[in-house]
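# Descriptive structure summary
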Amino acid sequence: MLAVWGCLISFFLLVGCGSDRPALAAKDLALAPSIAPTSQLEKRLQKDEPEEPDSVQPANYQTVPEPNPAQVAVRVRAQVNGVAILDNEVKEACYPQLLAAQALPEPERSARCAEIFRKQLQEIIDREVILQDLYQRLGKQKRVLEKLDEAADKEFDKRLKTVKQHNANIKTDDDLKKAFASMGLSIEGFRRQIKREFMAREYMRNLIFPAIDSAGLPQIREYYLQHLDEFHQDDRVEWQDIFIDQSKYASREEARRTAQTVAGLARSGQDFVRLAAQYDKDNSGFGKAEGLGQRRGEIRPIECESYLFQMKPGEVGPVVELPTGFHVFRLVKRDFAGQTPLDDKTQEEIRKKLQMQIAEREWKYMMAEMKKKAKIEIIGQ
């Protein structure tokens, strides 16, 4: 059972991260035309300095006394516009982190557990604020909500499948239920958590989509010129290597002749990876015949380095002789030290960076705007 716990803990710690890509695009859900305040967004994007979330009025938080535990069957930790967030929901969401914290000594353990609980409570409050905004704006668009719910079900099924695949001890649904129950968790609670996280995340992604899409070539070029120090490349090579092990041949001369034959075949255009699979099964770079090292001082064996930095891509170097055998090598790619050009690859790198910055800024701004309008009560803090 400890193995099950370890696997599930590792998995649950990643649950909050979500997927790297949106499961539904704005055009699929038709969210952007329905909920994105385009004119207001354009006005904000046209400002010289974007409005920072810190400049927005704080959320309408209130703290109320915690009721006597003896008088209530279910403890309410917070309320968002009257909707209760229960103590069990928070504990279940952060149980893996709380369990991991048990290894810490006191008083660090108690402080860490309190921090985990407070952070998880805040995340659930934020999620509830987002979902209430979602249903308020899209309440009449039943088809959109149905598609979002279907996508959330698929996300849950995918996560559950991942749990099963990463633990050999879980073979049936009953095994899975027992594993969850052993940690004080339930599959239904997990389903609710995953689905609500997914729906809130997708809603916010579609809200900020117009802003993310604004990162065009002018913005990319401006970023490049203002951050030239980020775009330098080292003198480096990508190369392939085949090692002819002398110990596998009747004599050193036979190994040398084999190396010369392999080099000749490579120079004639035969596939280097296939040659490696045939002549160097034990050291063929995990099936790709990749040479070891890329920069000066990293190349192994070092005897190949001086040749590699003088060769042209596609060229096969001279056979390098070592006491243990012979190396046949080929240069795949050469990058010269200097400024990285603003080519398609660099543009895409900058675009992704700008999109991440814009997404983070817009998420904070919209989250702050939603919370400013909400009535949030924290109970017992």
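Residues numbered from 1 in each chain as written. Predicted model: local features only at pLDDT ≥ 70, side-chain atom pairs only at ≥ 80, totals over all residues. Heavy atoms only, no water.

### Some words on the pattern of salt bridges
Enumeration according to the criterion identifies 32 salt bridges in this entry. The partner of Glu 155 in a salt bridge is Arg 159, and the shortest N-O contact between them spans 3.0 Å. Of the two residues, Glu 155 and Arg 159 are both situated in helix α7 (residues 142-165); the distance of 4 residues between them amounts to about one turn of the helix. Among the charged side chains, a network of salt bridges with common partners joins Asp 149, Asp 153, Glu 188, Arg 191 and Lys 195. (Salt bridge = Lys/Arg side-chain N within 4 Å of Asp/Glu carboxyl O. Helix = DSSP H or I, 4+ residues; strand = E, 2+ residues; numbered from the N terminus.)

### Some details on the confidence of the model for the chain
Put simply, the chain has an average pLDDT of 81, and 79% of its residues get 70 or more. This stretch, residues 1-58, has a pLDDT under 50; its non-local contacts, to residues over four places away or in other chains, come to 101 contacts. (pLDDT = per-residue confidence, 0-100. Contact = heavy atoms within 4.5 Å.)

### Structural notes on the environment of Val 76
Mapped onto the elements of the fold, Val 76 is located in strand β2 (residues 76-80). Apart from residues lying up to four places away in sequence, Val 76 is in contact with Ala 84, Ile 85, Leu 86 and Ile 379.

### Remarks on the side chain of Asp 280
Structurally, the position occupied by Asp 280 is in the loop between α12 (272-279) and α13 (305-308). Although Asp 280 is buried, it forms no salt bridge, and the closest oppositely charged side chain is Lys 248 at an N-O distance of 6.2 Å. Within the structure, Asp 280 has its side chain in polar contact with the backbone nitrogen of Phe 243 (distance 2.9 Å). In this structure Asp 280 touches Asp 241, Ile 242, Phe 243 and Leu 275, once residues within four positions along its chain are discounted. (Buried < 20%, exposed > 50% of the residue type's maximum accessible area, 1.4 Å probe, protein only. Lys, Arg positive; Asp, Glu negative; His and termini not counted. Polar contact = N/O pair within 3.5 Å; in protein donor to acceptor, adjacent residues only side chain to side chain.)

### Section: helix α8 (residues 173-182)
Helical geometry note: an α-helix holds 3.6 residues per turn, so side chains three or four residues apart project in the same direction. All of the buried residues in α8 are Leu 176, Ala 179 and Phe 180. Taken end-on, α8 shows its buried residues confined to a sector of 95°, consistent with a single buried face. Structural note: α8 exposes Lys 178 and Ala 181 on the side pointing more than 90 degrees away from its buried face. One or two positions beyond α8, positive phi appears at Gly 184, with a value near 75°. (Arc of directions from axis to C-beta.)

### A few points about α12
Among the residues of α12, those classed as buried are Phe 272, Leu 275 and Ala 276. Seen along its axis, α12 keeps its buried residues to an arc of 100°; they face one direction. Residues of α12 that are exposed and point more than 90 degrees away from the buried face comprise Arg 274 and Gln 278. Contacts from the buried residues of α12 go to β5 (236-245), α11 (252-267) and β7 (325-335). Capping the start of α12, Asp 271 holds a side-chain oxygen 3.0 Å from the backbone nitrogen of Val 273, two or three residues further along.

### A closer look at the nonpolar core
Formed by 40 residues in total, the largest nonpolar core has its most connected members in Ile 85, Ile 125 and Val 129. Taken together, the elements giving at least two residues each to this core come down to β2, α5 (87-101), α6 (108-138), α7, α9 (187-212), α14 (344-373) and β9 (375-379). Among the elements that line this core, the one with the most residues is α6, at 11 residues. (Core = buried A, V, L, I, M, F, W, Y, C linked by side-chain atoms within 4.5 Å.)

### With respect to the packing of aromatic side chains
Per the stated rule, a full pass over the model turns up 6 aromatic pairs. Ring geometry for Tyr 223 against Phe 231: centres 6.4 Å apart, planes inclined by 80°, an arrangement best described as edge-to-face. Accessibility assignment for this pair places Tyr 223 and Phe 231 in one class, buried. Measuring from ring centre to ring centre gives 5.2 Å for Tyr 224 and Phe 231, while their planes differ by 40°; the resulting arrangement is tilted. We classify Tyr 224 as buried; its relative accessible area is 9%. With relative accessibility at 3%, the residue Phe 231 sits in the buried group. Here the aromatic cluster, defined as three or more aromatic residues joined through ring pairs, consists of Phe 156, Phe 180 and Phe 190. Lying over the aromatic face of Phe 309, Arg 296 brings its terminal NZ or CZ to 4.0 Å of the ring centre. (Phe/Tyr/Trp six-rings, centres within 6.5 Å; stacked < 30°, edge-to-face > 60°. Lys NZ or Arg CZ within 6 Å of the ring centre and 35° of its normal.)

### Thoughts on the pairing of β5
Within β5, 8 of the 10 residues are buried, which leaves it mostly tucked inside the rest of the structure. Here β5 runs beside β7; their pairing, made up of 10 bridges, is antiparallel. By the bridge assignment, Trp 239 is partnered in β7 with Leu 331. (Pairing = 2+ DSSP bridges.)

### A look at the pairing of strand β3 (residues 83-86)
Sheet topology places β2 next to β3; 4 bridges connect them, and they run antiparallel. Paired with Val 76 across the two strands is Leu 86, which belongs to β3. Where β2 hands over to β3, the hairpin turn is made up of 2 residues, of which Asn 81 adopts a positive phi near 55°.

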